[in-house]
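Below, each chain spelled out in residue letters.
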Amino acid sequence: MMNRVLIFSVLMAALCALASAGCPEGYTQRNWPDQHGNCYKVFKNAALWFHADHFCRADGGWLATISDEDDGAFVNSFFISNRGYSCNDWYWVGGTDALHEGIWRWQQDGSVATYTNWAARQPDNWWDEDSLMVNSATREWNDIQMDDLRVDAPEVCFVCEMYPTERQCSIVA
Ligand SMILES: [Ca+2]
Ligand SMILES: [Ca+2]
């Protein structure tokens, strides 16, 4: 009898885990515990960085953070597999040094970027460049304009990230 109860509990826990919707429509959940099983989506409409930033916030997330080498590799391959035919090789993530020139922070929580993957001679702040663009072909970073104040800023696709939604499932023993 105890065994049956135990098996039932384990089965329900497994079903519960499967049933708990981890991400909203259109977002893909990463394998837990990598980045807490966060949700990701490639937006295939090219936009300025600050518009992209607004789109991610409107969804309840942020322009993707790149915490370390593994994280950068994940985000990059996620972009490549989901970008379809409408995006070029470049995409926005959530790094910016708009607050303090040369100090790169993540939009997710304002934390300073400890890991970086700048291309040669970058960041150069050539045209007051305060937003972070990744080249998916090399995974290397470039700082580039976020708005059209001085020169035309680029519009590219982007990756939004968010925490998984709360588990909807609970077991009544
Ligand atoms: Ca800058
Ligand atoms: Ca640059």
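The structure displayed is predicted, hence computed values, not measured ones.

Parameters at a glance
- Residues numbered from 1 in each chain as written.
- Chains lettered and ligands numbered in written order.
- Predicted model: local features only at pLDDT ≥ 70, side-chain atom pairs only at ≥ 80, totals over all residues.
- Heavy atoms only, no water.
- Disulfide = S-S within 2.5 Å.
- Helix = DSSP H or I, 4+ residues; strand = E, 2+ residues; numbered from the N terminus.
- Buried < 20%, exposed > 50% of the residue type's maximum accessible area, 1.4 Å probe, protein only.
- Pairing = 2+ DSSP bridges.
- Expected span 1.5 Å × (residues − 1).
- Arc of directions from axis to C-beta.
- Contact = heavy atoms within 4.5 Å.
- Donors = N, O, S within 2.8 Å, 3.2 Å for Na, K, Ca; no water.
- Polar contact = N/O pair within 3.5 Å; in protein donor to acceptor, adjacent residues only side chain to side chain.
- pLDDT = per-residue confidence, 0-100.

1. Brief notes about the state of the cysteines
- Tallied over the full model, the rule gives three disulfides.
- In this model, C87 is linked to C157 through a disulfide, with the two sulfur atoms separated by 2.1 Å. Residues C87 and C157 are joined by a disulfide whose S-S torsion is about -95°; by sign, that bridge is left-handed. Of the two residues, C87 is situated in the loop between α3 (69-82) and β4 (90-96) and C157 in strand β8 (residues 156-162); the sequence distance between them amounts to 70 residues.
- A relative accessible area of 11% means that C87 is categorised as buried.

2. Quick notes on the pairing of strand β6 (residues 131-135)
- Taking burial as the measure, the five residues of β6 include five buried ones, the bulk of the element.
- In β6, alternate side chains face the same way, and those of S131, M133 and N135 on one face and L132 and V134 on the other are all buried.
- With four bridges joining them, β4 and β6 adopt antiparallel strand pairing. From the neighbouring strand, Y91 faces β6, where its bridge partner is V134.
- The pairing of β6 with strand β7 (residues 141-144) spans four bridges and is antiparallel. Counterpart to S131 in the pairing with β7 is I144.

3. Description of α3
- In this model α3 runs 20 Å from its N-terminal to its C-terminal C-alpha over 14 residues, within 8% of the 20 Å that 1.5 Å per residue would give.
- Among all positions of α3, only D71, G72, V75, N76, F78 and F79 are buried. Along the axis of α3, the buried positions cluster into a sector of 160°, meaning they face one direction only. Summarising the geometry of α3, the exposed residues directed more than 90 degrees from the buried face are D70 and S81.
- Here the buried face of α3 lies against β1 (28-29), β2 (39-47), β4, β6 and β8.

4. Some details on the coordination of the calcium ion (ligand 1)
- With distances of 2.4 to 2.7 Å, the protein atoms coordinating the calcium ion (ligand 1) are D97 (OD), D97 (OD), E101 (OE), E101 (OE), N125 (OD1), E129 (O) and D130 (OD).
- Here the donor residues of the calcium ion (ligand 1) are spaced in sequence according to D-x3-E-x23-N-x3-E-D.
- Accessibility expressed as a relative area gives 6% for E129, which makes it buried.
- Under the relative-accessibility criterion, D130 is labelled buried at 17%.

5. Focus: the side chain of S136
- Relative to the assigned elements, S136 resides in the loop between β6 and β7.
- Residue S136 is classed as buried on the basis of its relative accessible area of 6%.
- A distance of 2.7 Å separates a polar atom in the side chain of S136 from the backbone oxygen of D89.
- Discounting chain neighbours no more than four positions away, the residues touching S136 are N76, F79, I80, R83, D89 and Y91.

6. Re the environment of Y115
- Turning to its location among the elements, Y115 is positioned in the loop between β5 (105-106) and β6.
- Overall, the relative accessible area of 16% leaves Y115 in the buried class.
- Polar contacts involving the side chain of Y115 include one to the side chain of E69, which spans 2.9 Å.

7. Section: the confidence of the model for the protein
- Per-chain confidence: the protein averages 89 in pLDDT, with 83% of residues scoring 70 or above.
- Note on residues 167-173: pLDDT is under 50 here. Beyond four places in sequence and across chains, it has eight contacts.

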